[in-house]
Amino acid sequence: VIARSPISTPIRNSRFISCFTMASLSAEIIEECFSSFDKKGQGFLEKEQIGAVIRALGKNPTEKELKGIIDELAGAKFDLARLKTVLKNSKIRSPQEMDKDVRDAFRALDKDSKGTVPEAELRLILGSLGDALTTQEVNALLANFKSDDGNLDYTEFTNGIINAYPASEHKGRQ
């Protein structure tokens with residue numbers, strides 16, 4: 001259920017962050033975002049940029065979904081028209097569309113119904129299940145959240161990953 005979080009998206013421009021909450025993206029924003037990744041002005045993006053541009057526009061593709069998009073290219077270029085088609089036709093969910101599933105997964109882990117999960121258990125899950133994160137990615141993600149007695153408040157954590165708050169708005173580790 002937990003795919004790469006938009007928190008790791010390299011774009012921090014507030015205009016793109018605002019896309020996360022938009023029901024539909026305007027052509028202007030899609031074009032501006034595409035252009036910001038197409039630094040050479042070639043009219044297409046490299047395969048390595050596809051996930052980042054889709055995430056910057058508010059979707060949260062899994063590695064499997066990205067592989068499918070790249071495989072569909074079959075040598076073609078990932079241009080603006082292709083990006084618009086992917087955003088329109090794909091079943092890639094936004095973080096907001098994953099909200100209920102993420103919260104339900106945390107409730108299943110919360111054996112004592114205290115609203116917390118053991119940080120060690122969360123680290124293990126993030127590093128081994130689904131689109132497993134690297135140790136560095138897990139550390140960067142969890143650094144934005146306070147751990148009380150080795151447990152994380154999963155409502156705060158979920159709100160953070162779903163809403164992609166800038167790290168400065170979270171309580172840092174103490």
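All values reported here derive from a predicted model rather than from experimental measurement.

1. Section: the overall build of the protein chain
Each helix and strand counted, the protein chain has 9 helices and 5 strands in total. In the protein chain, which comprises 174 residues, the share counted as buried stands at 38%. Considering only residue pairs separated by 6 or more positions, the protein chain has 65% of its internal contacts joining residues 24 or more positions apart. As presented, the protein chain carries roughly 9700 Å² of accessible surface, and 51% of it is formed by carbon and sulfur atoms.

2. Examining the packing of aromatic side chains
All chains considered together, the criterion is met by 3 aromatic pairs. Each ring, one from Phe-106 and one from Tyr-154, has its centre 5.6 Å from the other, and the planes form 10°; the classification is stacked. Of the two residues, Phe-106 is situated in helix 6 (residues 95-109) and Tyr-154 in helix 9 (residues 154-163); the sequence distance between them amounts to 48 residues. We classify Phe-106 as buried; its relative accessible area is 3%.

3. Considering unusual backbone geometry
Positive phi outside glycine occurs at Ala-74, with the angle close to 45°. One can find Ala-74 in the loop between helix 4 (63-73) and strand 2 (78-79). Backbone geometry at Ser-113 places phi at a positive 55°, although glycine is not the residue there. Along the chain, Ser-113 turns up in the loop between helix 6 and strand 3 (116-118).

4. Side note on the confidence of the model for the protein chain
For the protein chain, per-residue confidence averages 79 on the pLDDT scale, and 80% of positions sit at 70 or higher. In this model residues 165-174 is a low-confidence stretch, pLDDT under 50, and it forms 23 contacts with partners more than four residues away in sequence or in other chains.

5. Some remarks on helix 9
Restricting attention to buried positions, one finds in helix 9 the residues Tyr-154, Phe-157, Thr-158, Gly-160, Ile-161 and Ile-162. In this fold, the buried residues of helix 9 make contact with helix 6, strand 3, helix 7 (119-128), helix 8 (135-142) and strand 5 (151-153).

6. Section: the sheet that holds strand 4 (residues 147-148)
Spatially, the 3 strands line up as an open sheet ordered 3-5-4, and their pairing is antiparallel. Among the strands making up the open sheet, the edge pair consists of strand 3 and strand 4. This element, helix 7, spans strand 3, strand 4 and strand 5 of the sheet and lies at about 75° to strand 3. Of the strands in this sheet, strand 3 and strand 5 touch helix 9, which is tilted by about 60° from strand 5.

7. Brief notes about the environment of Glu-156
With respect to the helices, strands and loops of the structure, Glu-156 is situated in helix 9. Linking Glu-156 and Gly-115, residues 41 residues apart in sequence, is a C-alpha distance of 9.5 Å.

The rules behind the values
- Residues numbered from 1 in each chain as written.
- Predicted model: local features only at pLDDT ≥ 70, side-chain atom pairs only at ≥ 80, totals over all residues.
- Heavy atoms only, no water.
- Helix = DSSP H or I, 4+ residues; strand = E, 2+ residues; numbered from the N terminus.
- Buried < 20%, exposed > 50% of the residue type's maximum accessible area, 1.4 Å probe, protein only.
- Contact = heavy atoms within 4.5 Å.
- Areas by Shrake-Rupley, 256 points an atom, 1.4 Å probe, with all protein chains shown as cover.
- Phe/Tyr/Trp six-rings, centres within 6.5 Å; stacked < 30°, edge-to-face > 60°.
- pLDDT = per-residue confidence, 0-100.
- Pairing = 2+ DSSP bridges.
- Axes fitted to C-alpha atoms, helices over the stretch in contact; angles between N-to-C directions.

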